[in-house]
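One letter stands for each residue in the lines below.
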Amino acid sequence: MAVSYGFFTCLLLWGGMELCYTQPLWQGGVHRPVRSKPPLVVECLEAQMVVTVSKDFFGTGKLIRAADLTLGPEGCEPLVSTDMEDMVRFEVGLHECGNNVQVTKDALVYSTFLLHKPRPVGNLSILRTNFAEVPIECRFPRSGNVSSQAILPTWVPFKTTVFSEEKLVFSLHLMEENWSTKKRSPTFQLGDIAHLQAEVHTGSHVPLRLFVDHCVATPTPGRNASPYHTIVDFNGCLVDGLYDASSAFRAPRPGPETLQFTVDVFHFANDSRNTVYITCHLKVTPADRVPDQLNKACSFSKSSNSWSPVEGTADICQCCENGSCGIPGRSRRLVGQWHKSSRSRRHVTEAADVTVGPLIFLGKASDHGMEGLTSSLTSVMLGLGLAMMVSLTLAAVVLGVARRRQAASHPVMCPVYASQ
């Protein structure tokens, strides 16, 4: 895409059309040289503008010097040229040299100006060329494509490009039993069920499907804390459901970007801490990709003694039986290795590690009767104490009233002295 502004510049400089034609012109008996090239040519490219200026800028035969030419408010200098060349060339980015950018209804307009500011040569105090300022514009239509290739907006800064690729936000939350809101309190009784919801916010990204690749529970937030208990393993197998638990993924999903699952609350044996943190490695794939052994959500059903997926065919869960999903020889505990594979480049964000917690457990459900008995005994003791205090208070009041009555029945005689 290139635009020539030679004829337009000619009109600006001379105010008429007589010097804009290529035939010999006569004026006052003096033969003017025939102009073979336009004084100024502007090429508007995808990321830069190229300005070519003829040294016979005024068409008088008096050549201008490259050192007297600058471009834009910041005064960008031209490319290096020799005195033998008859053209001066500028190559600048659309956003350089203080260029002004304006967005109109139909176009994106970059405007600047070419400045010719002559200076005396050597010790002379005279000038043979005039001061000139020529406006320059590059206009890009805001819609349409004049080529068969895709539009490449190379003028978008790299930082903006990275930001658009980092819009994925992963989250993991505790939910209420009806899944409608986040859980207000993190406390649980042993025997309760924790409802967890993993989610990715895609922004303007293409549709994605979220998977829980691996999850471990630890008594502290550290990923490498000990002891630990694996909840999800082998690229999406909810192995906690194999034990004396009903833990499972919820099907169907609310949406491809959300995955919900339940975990029976537990605590670590021989550990005095009553907190549990759950750290999960979340990842996404395009929503139209068919789930496979590396990208799945499988739960174990004790009633059928088999694995079943949230979506996809049942055979993708067969590897959960022996843990042969994905790379052979993978360790069951991948917590310390997640970051090695989750981000191959800085702006790749298809996976992330997310922690929820602490889950605080208050005791076993079977202890509720003992807690009720203790509460009843405490209430009885409190009632006895209050009754005793009331009895002592009444006894003190009765004793005080009796003493006052006794004093009133024996009047005291005070002597009276008369003055003489």
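Owing to the predicted nature of the structure, the values given are computational and were not obtained by experimental measurement. (Residues numbered from 1 in each chain as written. Predicted model: local features only at pLDDT ≥ 70, side-chain atom pairs only at ≥ 80, totals over all residues. Heavy atoms only, no water.)

### Considerations on the overall build of the protein chain
- Along the protein chain, the regular secondary structure elements total four helices and 20 strands.
- By residue count, 36% of the 420 residues in the protein chain fall in the buried class.
- A separation of at least 24 residues holds for 66% of the contacts in the protein chain among residues at least 6 apart in sequence.
- Just so you have it, the protein chain exposes about 25,900 Å², and 57% of that area is on carbon and sulfur atoms. (Helix = DSSP H or I, 4+ residues; strand = E, 2+ residues; numbered from the N terminus. Buried < 20%, exposed > 50% of the residue type's maximum accessible area, 1.4 Å probe, protein only. Contact = heavy atoms within 4.5 Å. Areas by Shrake-Rupley, 256 points an atom, 1.4 Å probe, with all protein chains shown as cover.)

### Regarding empty space enclosed by the protein
- Within this structure, the stated rule accounts for one cavity of 30 Å³ or more.
- The volume enclosed by the largest cavity comes to roughly 50 Å³.
- Every residue lining the largest cavity is listed: Ala194, Val263, Asp264, Val265, Phe266, Val276, Ile278 and Leu359.
- For the lining of the largest cavity, the secondary-structure elements that each account for two or more residues are strand E16 (258-264) and strand E17 (275-286).
- Class assignment of the residues belonging to the lining of the largest cavity gives a composition of seven nonpolar, no polar and one charged. (1 Å grid on protein atoms, 1.4 Å probe; cavity = no way out; pocket = protein on both sides within 12 Å on 5 of 7 lines; lining within 4 Å. Points joined across faces, edges and corners; volume = space filled by probe spheres on them. Nonpolar A, V, L, I, M, F, W, Y, C, P; charged D, E, K, R; others polar.)

### Focus on the nonpolar core
- Core analysis: the largest hydrophobic core is formed by 36 residues, its most contacted members being Leu196, Val212, Phe249, Phe261 and Ile278.
- The set of elements that each furnish at least two residues to this core consists of strand E10 (169-175), strand E11 (187-190), strand E12 (193-201), strand E13 (208-218), strand E14 (229-232), E16, E17 and strand E20 (351-364).
- In terms of nonpolar packing, the next biggest core, distinct from the first, is built from 26 residues, Leu40, Cys76, Phe90 and Phe140 among them. (Core = buried A, V, L, I, M, F, W, Y, C linked by side-chain atoms within 4.5 Å.)

### Description of the state of the cysteines
- Tallied over the entire structure, the rule returns six disulfides.
- Shown here is the disulfide that connects Cys44 with Cys138, its sulfur atoms set 2.0 Å apart. Residues Cys44 and Cys138 are joined by a disulfide whose S-S torsion is about -85°; by sign, that bridge is left-handed. Linking Cys44 in strand E3 (residues 40-44) with Cys138 in strand E9 (residues 132-141), this pair joins segments that are 94 residues apart in sequence. (Disulfide = S-S within 2.5 Å.)

### Quick look at the pattern of salt bridges
- Going through the model one piece at a time under the given rule, you end up with eight salt bridges.
- The partner of Asp68 in a salt bridge is Arg119, and the shortest N-O contact between them spans 3.4 Å. In this pair, Asp68 sits in the loop between strand E4 (48-54) and strand E5 (69-71) while Arg119 sits in the loop between strand E8 (107-116) and E9, placing the two residues 51 residues apart along the sequence.
- Among the residues examined, Asp68 registers a relative accessible area of 5% and is labelled buried.
- For Arg119, a relative accessible area of 46% corresponds to the partly exposed category.
- With a closest N to O distance of 2.7 Å, Glu91 and Arg89 form a salt bridge.
- For Glu91, a relative accessible area of 37% gives the class partly exposed.
- For Arg89, a relative accessible area of 35% puts it in the partly exposed group.
- Through salt bridges with shared partners, a single ionic network connects Arg65, Asp68 and Arg119. (Salt bridge = Lys/Arg side-chain N within 4 Å of Asp/Glu carboxyl O.)

### Looking at the side chain of His116
- Secondary-structure assignment places His116 in strand E8.
- The exposure class assigned to His116 is buried, which follows from its relative accessible area of 1%.
- From its side chain, His116 meets the backbone oxygen of Asn130 in a polar contact 2.7 Å long.
- Among all residues touching His116, those that are not within four sequence positions of it are Phe58, Ile64, Asp68, Leu69, Thr129, Asn130, Phe131 and Ala132. (Polar contact = N/O pair within 3.5 Å; in protein donor to acceptor, adjacent residues only side chain to side chain.)

### Some remarks on the sheet that holds strand E15 (residues 248-249)
- On the basis of which strands lie adjacent, the open sheet formed by four strands has the order E10-E12-E16-E15 and antiparallel pairing. In this open sheet, the two edge strands, each paired with only one partner strand, are E10 and E15. (Pairing = 2+ DSSP bridges.)

### Observations concerning the pairing of E9
- Of the two faces of E9, the one holding Ala132, Val134, Ile136, Cys138 and Phe140 is buried and the one holding Glu133, Pro135, Glu137, Arg139 and Pro141 is not buried anywhere.
- In this structure, E8 lies alongside E9, joined through ten bridges in antiparallel fashion. By the bridge assignment, Val109 is partnered in E9 with Arg139.

### Structural notes on the packing of aromatic side chains
- The tally for this structure, following the rule as stated, stands at five aromatic pairs.
- Here the aromatic rings of Tyr110 and Phe140 are separated by 5.9 Å at their centres, their planes lie at 85°, and the arrangement is edge-to-face. Of this pair, Tyr110 sits in strand E8 while Phe140 sits in strand E9, and the two are 30 residues apart along the sequence. Both residues of the pair, Tyr110 and Phe140, belong to the buried class. (Phe/Tyr/Trp six-rings, centres within 6.5 Å; stacked < 30°, edge-to-face > 60°.)

### Looking at the confidence of the model for the protein chain
- With 67% of its residues at a pLDDT of at least 70, the protein chain reaches an overall mean of 76.
- Confidence drops under pLDDT 50 across residues 328-349; counting only partners more than four residues distant or on other chains, this segment forms 43 contacts.
- Segment residues 364-375 is flagged for pLDDT under 50; beyond a separation of four residues in sequence, or across chains, it makes four contacts in the model. (pLDDT = per-residue confidence, 0-100.)

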